[in-house]
Amino acid sequence: MSNDLQFSLDGVSVCFEKGETIMQAAQRAGIYLPHLCFHPDFSAHGSCRVCIVHLQGKTVAACTQPAESNQVVQSNTPELQKARLRLIQLLFAEGNHYCPTCETSGNCQLQALAYDLGMTHYHYDPFMPERQTDGSHPDLFIDRDRCIQCDLCGRASAEYDGKAIYTLSGRGQNTQLVFRSPSGLLGDTNAGADDRAAHICPVGCILPKTGNYQEPIGTRLYDHHPIHDIGNLRKEERGGSS
Amino acid sequence: MLKRDTEWLVPNSTFPDWNTERAEQMLLQQHPHPFSPERILQSLVLLQLRFGAVTNPMQEWLSQKSGVALTDIRALMSFYFFLEQDKPPRYHLRLADNIVERHAGLTSLQESLTHRLCSADCRIDTTSCIGLSDHPVSLLVNGFPVTHLGPHNLDELCALIINRVPLQKWPRSWFAVDNRVHHKGPLTSYPYQRGKALTQARGMTGDQIIDRIGEAGLRGLGGAGFPTAFKWHWCKQQAEPVKYITCNADEGEPGTFKDRFYLTEQADQMIEGMVIAALAVGAQAGFIYLRGEYVYLYTHLERCLRRWRDSGDLGQDFDIELHLGAGAYICGEESAMLESLEGKRGIPRNKPPFPGTVGLFGKPTVVNNVETFVCATYILQQGSAAFKNTGNEKSRGSRLHSVSGDCRQPGLYELAQGSSLRTLLELSGAHNTLCAQIGGPSGALFFEDQFDTPLDFENPGRGGSVMVFNKDRSIVNITRHFTRFFRHESCGFCTPCRAGTVALDQLLDQYEHNPALQAKSREDMQELVQLMQHSSHCGLGKTAGLPVLNLLQREPAHEQ
């Protein structure tokens with residue numbers, strides 16, 4: 001075994017394979033780097049910026065930065081954790097997130113990271129955007145108030161389901177989740193409730209219409225386990241992690 | 001060979017009715033494959049220009065013809081602000097909203113226009129800088145620039161609009177753009193001989209051409225200052241045989257208009273530079289990405305390209321296509337420009353890979369600014385030494401500066417690299433100067449104690465523009481304006497920029513209007529700017545907080 005393909009992450013030596021990013025290598029090594037828009041099954045996006053790490057004087061996104069030999073990477077520093085907290089607070093401020101009434105509460109990765117990073121308040125004034133819901137689909141409900149524009153549904157739909165239904169539109173703060181149908185409604189697409197895209201949302205933007213609120217508060221994914229221990233899990237994925 | 005007939009591309013106040021036949025014919029005149037997915041944005045832009053809007057039926061038709069989902073067409077419409085789906089008014093006035101225009105009375109002019117034209121067939125709104133800050137107040141009327149609007153001609157403008165006078169009959173002088181260079185240098189005065197540099201290049205190998213550019217010490221003049229020879233060399237050495245040359249003519253940095261000069265007066269030098277680059281790296285195709293605000297130069301550039309084709313220098317081994325932007329500042333970022341050239345929303349790419357490795361359509365691509373290509377032609381014609389002997393050690397040659405704001409003679413000035421800001425201020429007749437913004441909002445604000453700073457690649461603000469502010473101007477106002485600009489122009493991809501620019505705007509408001517919270521907002525802004533600088537996906541987000549930082553550095557926290 002050659003020792004060439006390894007770098008240092010928070011002082012721990014991490015092996016990588018050629019072509020891997022820092023995030024991919026860290027995951028294989030079982031090291032958790034906070035993230036939202038990354039998922040190992042899909043191409044990297046690099047938009048949430050929660051996975052920023054220090055790399056020899058620069059700050060880069062671990063999910064898009066190629067791993068290289070002898071890199072010195074820092075992730076778990078007070079400075080970076082504070083930056084991540086602020087990014088999470090920005091995401092809370094720019095959407096309309098009401099955890100107590102949200103079906104995803106306890107299973108939500110945004111909320112879990114907020115707890116993990118010690119978020120106690122918004123810090124920034126809420127933007128209170130007006131965003132449309134979409135209840136046109138027989139089995140799925142879309143609550144754009146909770147969307148964090150991570151495009152995971154878009155990537156899952158295009159890269160896994162082979163349907164390319166979900167995508168992002170608009171510009172700047174008016175960026176929004178849209179669906180590829182002439183009417184723009186999800187109900188007019190061939191989206192299925194069993195599609196990977198329908199289950200990939202890290203927050204509570206894409207939800208099934210039935211079977212909600214049955215899992216009692218207190219028994220949900222992150223109720224007893226911090227996200228840095230169990231990873232970015234979905235309800236369906238208990239037992240594995242991403 | 002396409003005729004590329006754009007006789008219709010003139011100031012118009014009436015647009016022909018849309019029908020599929022007319023639309024298809026027009027699009028086919030411009031491009032053999034107007035319905036290919038990568039061409040879709042250009043087709044939208046051309047439809048917008050020809051018919052004044054891209055209405056829903058037009059979008060549906062384009063979607064059917066191209067196979068591009070209607071949702072993706074709508075996504076483009078929502079990203080590029082010059083694309084409109086509502087039936088056009090007879091006159092659409094887009095007032096340039098840069099801080100220089102504000103200082104020249106934009107706000108009261110706009111109020112007056114809105115009030116007096118409320119019942120006219122006219123729409124009035126603002127747009128980011130249109131590259132005419134030396135002609136304040138300037139505006140686009142149905143896409144074409146009208147300069148020097150002020151109290152002296154406001155009555156006449158309103159009368160023309162109320163009386164529905166066709167744009168073709170408006171005073172011609174109103175559309176005049178003055179490209180005089182007030183202080184000339186080598187680039188603006190050398191005896192250019194069309195094709196001479198290219199003949200030189202033809203007698204050399206690719207490596208020799210690149211060496212020549214390298215010996216001259218040419219660095220990119222779009223703002224980043226990256227060594228041009230290195231870019232070309234990198235692209236050349238890629239094994240992939242298909243390569244592209246792209247020219248960034250998306251001059252969107254507020255207060256910058258030097259490329260306007262080159263595109264108008266030295267388009268041949270720019271085109272020749274692109275052909276030389278193609279020879280050097282072995283590229284087969286080139287693209288000029290012209291910002292939508294400069295659409296009035298489209299026909300002129302097409303004619304220049306045609307002349308190069310007629311002389312056989314273009315169209316055989318290498319040809320150049322002219323693309324139009326549509327009101328998105330972010331497309332000046334090189335990878336966003338490539339996305340836009342591919343017909344997509346202008347979202348900057350992850351780097352690495354850089355365009356030299358994976359660029360346009362995934363192929364190795366050279367991306368250079370207009371002025372950089374102009375300089376390449378200069379170097380090949382006049383020799384590396386001629387270029388190298390001007391400027392200083394790390395910043396060779398000379399460059400054109402766009403000067404606007406509070407000075408007697410706003411306009412264009414060519415100075416050797418490394419000339420001081422003070423020299424430029426004196427030449428332009430700036431007086432009672434408080435400060436100057438160098439390199440646009442993403443550059444730096446210099447105060448009197450910094451006026452001796454050399455304008456070169458080693459100092460902040462490398463984009464070739466200076467906005468001058470006198471002592472009556474408010475730094476907070478300037479800062480707020482720039483901050484809103486970035487908020488408006490953020491592409492929305494990454495969290496720190498999309499949400500950070502909004503939060504920063506809110507905090508600045510709080511800082512200005514809520515004295516009780518001033519210390520806290522100050523602290524929050526400082527932290528947020530740092531967050532944006534460090535964590536943003538691209539240069540826009542990284543620099544969007546700089547104006548606020550400039551303000552805070554200049555206004556020390558009050559002692560408690």
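Residues numbered from 1 in each chain as written. Chains lettered and ligands numbered in written order. Predicted model: local features only at pLDDT ≥ 70, side-chain atom pairs only at ≥ 80, totals over all residues. Heavy atoms only, no water.

Some remarks on the overall build of chain B
Step number 1: The helix and strand inventory of chain B stands at 24 helices and 14 strands.
Step number 2: Structurally, chain B occupies a C-alpha span of about 70 × 60 × 45 Å along its principal axes.
Step number 3: The buried share of chain B, taken over its 560 residues, is 62%.
Step number 4: Of the contacts made within chain B by residues no fewer than 6 positions apart, 73% connect residues no fewer than 24 positions apart.
Step number 5: Total accessible area on chain B stands at roughly 20,600 Å², and carbon and sulfur atoms take up 48% of it.
Step number 6: Each charge class in chain B was averaged separately, 55 positive and 61 negative side chains, and the resulting centres sit 3 Å apart. (Helix = DSSP H or I, 4+ residues; strand = E, 2+ residues; numbered from the N terminus. Buried < 20%, exposed > 50% of the residue type's maximum accessible area, 1.4 Å probe, protein only. Contact = heavy atoms within 4.5 Å. Areas by Shrake-Rupley, 256 points an atom, 1.4 Å probe, with all protein chains shown as cover. Lys, Arg positive; Asp, Glu negative; His and termini not counted. Charge placed at Lys NZ, Arg CZ, Asp CG, Glu CD.)

Examining the sheet that holds strand E6 (residues 244-249) of chain B
All names here are of chain B.
Step number 1: Taken in spatial order, the four strands line up as E8-E7-E6-E9 in an open sheet, and their pairing is parallel. In this open sheet, the two strands that pair with only one neighbour each are strand E8 (319-324) and strand E9 (365-369). Averaged over neighbouring strand pairs, the angle between their axes works out to 20 degrees when direction is ignored.
Step number 2: Pairing geometry for E6 and strand E7 (residues 285-290), over six bridges, is parallel. Paired with Asn248 across the bridge in E7 is Tyr289. (Pairing = 2+ DSSP bridges. Axes fitted to C-alpha atoms, helices over the stretch in contact; angles between N-to-C directions.)

Here's the deal with the domain arrangement of chain A
Residue and element names in this part refer to chain A.
Step number 1: Partitioning chain A into structural domains gives domain 1 (6-76) and domain 2 (97-208).
Step number 2: In this structure, domain 1 and domain 2 have C-alpha centres spaced 25 Å apart.
Step number 3: Taken together, the contact between domain 1 and domain 2 spans 13 residues of the former and 15 residues of the latter.
Step number 4: Together, the buried faces of domain 1 and domain 2 total about 1,100 Å²; carbon and sulfur atoms form 64% of this surface.
Step number 5: For the salt bridge of Arg196 with Asp41, the shortest nitrogen-to-oxygen distance reads 2.6 Å.
Step number 6: Along the contact surface separating domain 1 from domain 2 lie five residue pairs in polar contact (both at pLDDT 80 or more).
Step number 7: Residues of the side of domain 1 that touches domain 2, tallied by class, amount to seven nonpolar, five polar and one charged. (Domains from an automatic or database assignment. Buried area = accessible area lost by both parts, 1.4 Å probe. Salt bridge = Lys/Arg side-chain N within 4 Å of Asp/Glu carboxyl O. Polar contact = N/O pair within 3.5 Å; in protein donor to acceptor, adjacent residues only side chain to side chain. Nonpolar A, V, L, I, M, F, W, Y, C, P; charged D, E, K, R; others polar.)

A few points about helix H4 (residues 152-159) of chain A
Every α-helix carries 3.6 residues per turn, so stepping three or four residues along brings you back to the same face.
Step number 1: Extensive coverage of H4 of chain A is indicated by the burial of six of its eight residues.
Step number 2: Among the residues of H4 of chain A, Leu152, Cys153, Gly154, Arg155, Ala156 and Ser157 of chain A are the ones counted as buried.

Brief notes about the pattern of salt bridges
Step number 1: Inspection of every chain in the model, using the stated rule, returns 46 salt bridges over all chains.
Step number 2: When the shortest N-O distance is used, the salt bridge between Arg102 of chain B and Asp97 of chain B registers 2.9 Å.

Here's the deal with a nonpolar patch on the surface
Step number 1: Taken together, the side chains of Phe226, Phe230 and Trp234 of chain B present a nonpolar region at the surface, about 300 Å² in accessible area.
Step number 2: Mapped onto the elements, Phe226 of chain B comes out in the loop between helix H10 (206-216) and helix H11 (228-236). (Patch = residues over 30% accessible without salt bridge, like charges linked within 9 Å, V, L, I, M, F, W, Y side chains within 5 Å.)

Concerning the pairing of strand E9 (residues 176-179) of chain A
It is a general feature of regular strands that their side chains alternate between the two faces of the sheet.
All names here are of chain A.
Step number 1: With four bridges connecting them, strand E8 (residues 166-169) and E9 associate as antiparallel partners. Its bridge partner being in E9, Ser169 is matched across the sheet by Gln176.
Step number 2: Linking E8 back to E9 in an antiparallel pair, the connection comprises six residues, with Gly170 at a positive phi of about 80 degrees.

Looking at the interface of chain A and chain B
Step number 1: Each partner contributes to the interface: chain A provides 39 residues, whereas chain B provides 40 residues.
Step number 2: With both chains or domains summed, chain A and chain B bury close to 3,000 Å², and 50% of this area falls on carbon and sulfur atoms.
Step number 3: On the chain A side of the contact with chain B, Arg49, Arg171 and Gln173 of chain A bury the most area, a combined 23% of that side's loss.
Step number 4: Seen at the junction of chain A and chain B, the total is five salt bridges.

Comments concerning the sheet that holds strand E2 (residues 122-127) of chain B
Residues and elements named next belong to chain B.
Step number 1: In space, the four strands of this open sheet follow the order E2-E1-E3-E4, with mixed pairing throughout. Looking at the sheet topology across the chains shown, the edges are occupied by E2 and strand E4 (144-146). Pairs of neighbouring strands in the sheet enclose a mean axial angle of 30 degrees, with direction left out of account.
Step number 2: Looking at chain direction, strand E1 (residues 91-96) and E2 are connected through six bridges and run parallel. Along E2, the bridge assignment pairs His92 with Arg123.

Some points on the confidence of the model for chain B
Any residue range with low pLDDT should be treated as having predicted coordinates unsuitable for detailed reading.
Step number 1: Averaged over all residues, the pLDDT of chain B equals 95, while 98% of them reach at least 70.
Step number 2: Under the prediction, the complex receives an ipTM of 0.96, its pTM being 0.96. (pLDDT = per-residue confidence, 0-100.)

Details of the packing of aromatic side chains
Residue and element names in this part refer to chain B.
Step number 1: Applying the stated criterion across every chain, the model contains 21 aromatic pairs over all chains.
Step number 2: Aromatic pair Tyr294 and Tyr296: ring centres 6.3 Å apart, planes at 85 degrees, arrangement edge-to-face.
Step number 3: When the ring of Tyr329 is compared with that of Phe486, the centres are 6.4 Å apart and the planes differ by 65 degrees; the resulting orientation is edge-to-face. In this pair, Tyr329 is assigned in the loop between E8 and helix H15 (334-341) and Phe486 in helix H19 (residues 475-489), connecting sequence segments 157 residues apart.
Step number 4: The class for Phe486 is buried, based on a relative accessible area of 0%.
Step number 5: In this structure an aromatic cluster arises from ring pairing among Tyr91, Trp170, Trp174 and Phe175. (Phe/Tyr/Trp six-rings, centres within 6.5 Å; stacked < 30°, edge-to-face > 60°.)

Focus on the domain arrangement of chain B
All names here are of chain B.
Step number 1: In terms of domain boundaries, chain B breaks down into domain 1 (91-172), domain 2 (181-388), domain 3 (398-470) and domain 4 (475-554).
Step number 2: When each unit is reduced to the centre of its C-alpha atoms, the spacing between domain 2 and domain 3 is 25 Å.
Step number 3: On the side of domain 3, 26 residues touch domain 2, which itself brings 26 residues to the contact.
Step number 4: Across the domain 2/domain 3 interface, buried area totals approximately 2,000 Å², and carbon plus sulfur atoms make up 58% of it.

Structural notes on the pairing of strand E1 (residues 6-9) of chain A
All names here are of chain A.
Step number 1: Covered by surrounding structure in E1 are Phe7 and Leu9 only, the residues Gln6 and Ser8 on the alternate face being uncovered.
Step number 2: The sheet contact formed by E1 and strand E2 (residues 12-15) spans four bridges and is antiparallel. Paired with Gln6 across the two strands is Cys15, which belongs to E2.
Step number 3: Between E1 and the antiparallel strand that follows it, E2, lie two residues; Asp10 among them carries a positive phi value of about 50 degrees.
Step number 4: Note that E1 and strand E5 (residues 72-74) share two bridges and pair parallel. Residue pairing across strands places Ser8 opposite Val72, the latter belonging to E5.

Observations regarding the nonpolar core
Step number 1: The biggest cluster of nonpolar side chains holds 175 residues, and the ones touching the most others in it are Leu47, Tyr80, Leu93, Trp170, Trp232, Ile245 and Met270 of chain B.
Step number 2: For this core, the leading source of residues is helix H13 (residues 267-281) of chain B, giving ten residues.
Step number 3: Residue contacts for Leu93 of chain B: discarding those within four places in its chain leaves Leu113, Leu117, Cys122, Arg123, Ile124, Asp125, Leu139, Leu140, Val141, Leu157 and Ile161 of chain B.
Step number 4: In this structure, Cys37, Cys108, Leu140 and Cys201 of chain A belong to the second largest nonpolar core, which totals 42 residues. (Core = buried A, V, L, I, M, F, W, Y, C linked by side-chain atoms within 4.5 Å.)

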